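Here is how the chains run, residue by residue.
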Amino acid sequence: MRRWSVLTCVVLLVGLANGCAQRTDRPNPTAETTDSVEAALVTWYDALAAHDSAGIVEGLSPDFLLVEDTTLMTREVLVRNLLSGRGQGHQTTHMSDFHTVVSQSTAWTTLRNHEVWIPGGGGDSTGYDFIETVVLRMHDGRWRIERYHATPLKR
């Protein structure tokens, strides 16, 4: 009986692995669709760099939630915090290594993000590196960020 159990487990695991690799409920997105998801993130970060309050809000869904390290932040709190930093400096962002999946009106991507904070009026800039996972949903014909999870990388 024990041999049968091990064999059954192996067959089930192989079947599950093959099923996950060949899922048919998740369409293979076109490069154009994947690019539009990633472009939505770039556009949102451009709005952050420009302190563009309308652009920041437009990039976020009404139910947006940020998870950064041990902090949860709603859209309203994030926007208020970002805009309170106006005039104190600016941030640059370099995103890379995207792993994007699109399924109908929902998309998610995991990426590396290197941010640099440059204080206004001089001073040393500070770099930060993150691994991030972002969930976007289509709202009113545009990809908007629904969830944003950022894990800071230790230097």
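Reference entry: report on the structure contained in this document. (Residues numbered from 1 in each chain as written. Predicted model: local features only at pLDDT ≥ 70, side-chain atom pairs only at ≥ 80, totals over all residues. Heavy atoms only, no water.)

## What about the overall build of the protein?
- Helix and strand counts for the protein stand at four helices and six strands.
- Helices and strands in the protein line up, N terminus first, as α-α-α-β-β-α-β-β-β-β.
- When the 155 residues of the protein are sorted by exposure, 28% land in the buried category.
- Put simply, of all contacts in the protein between residues at least 6 apart along the chain, 52% involve residues at least 24 apart. (Helix = DSSP H or I, 4+ residues; strand = E, 2+ residues; numbered from the N terminus. Buried < 20%, exposed > 50% of the residue type's maximum accessible area, 1.4 Å probe, protein only. Contact = heavy atoms within 4.5 Å.)

## Examining the pairing of strand β2 (residues 71-74)
- As defined by bridge partners, strand β1 (residues 60-68) adjoins β2 across four bridges and the pair is classed as antiparallel. Counterpart to V67 in the pairing with β2 is L72.
- As consecutive antiparallel partners, β1 and β2 are separated by two residues, and within that stretch D69 has a phi angle of approximately 60°, a positive value. (Pairing = 2+ DSSP bridges.)

## What to know about the nonpolar core
- By size, the foremost hydrophobic cluster in this structure holds 23 residues, and its most contacted members are W44, I145 and Y148.
- At the level of elements, α2 (31-49), β1, α4 (75-84), β3 (89-103), β4 (106-119), β5 (126-139) and β6 (142-152) are the ones that each hand at least two residues to this core.
- Element by element, the count of residues in this core is highest for α2, at seven residues.
- Ignoring any residue separated from it by four or fewer positions in sequence, one finds Y148 in contact with L41, W44, Y45, F64, L65, L66, V67, N113, E132, T133 and V134. (Core = buried A, V, L, I, M, F, W, Y, C linked by side-chain atoms within 4.5 Å.)

## As for the packing of aromatic side chains
- In this structure the tally under the stated criterion is three aromatic pairs.
- Pairing W44 with Y45 gives two aromatic rings, centres 5.3 Å apart and planes at 80°, and the pair type is edge-to-face. You'll find W44 and Y45 in the same group, each marked buried.
- Both rings, one in W44 and one in Y148, keep their centres 5.9 Å apart while their planes meet at 40°; by these two values the pair is tilted. Remark: Y148 occurs in strand β6 and W44 occurs in helix α2; sequence separation between them is 104 residues.
- Since its relative accessible area comes to 2%, Y148 is described here as buried. (Phe/Tyr/Trp six-rings, centres within 6.5 Å; stacked < 30°, edge-to-face > 60°.)

## Re the environment of S53
- Along the chain, the position of S53 falls in helix α3 (residues 53-58).
- A relative accessible area of 30% means that S53 is categorised as partly exposed.
- For the pair S53 and L82, spaced 29 residues apart in sequence, the C-alpha to C-alpha distance is 8.7 Å.
- Among residues more than four places away in sequence, those in contact with S53 are L83 and R86.

## Digging into unusual backbone geometry
- One non-glycine residue, H51, adopts positive backbone phi at about 55°.
- What makes H51 buried here is its relative accessible area of 18%.
- Even without a glycine there, the phi angle at Q104 is positive, about 55°.
- One can find Q104 in the loop between β3 and β4.
- Judged by relative accessible area, which is 69%, Q104 ranks as exposed.

Read these as spatial facts, not as claims about activity.
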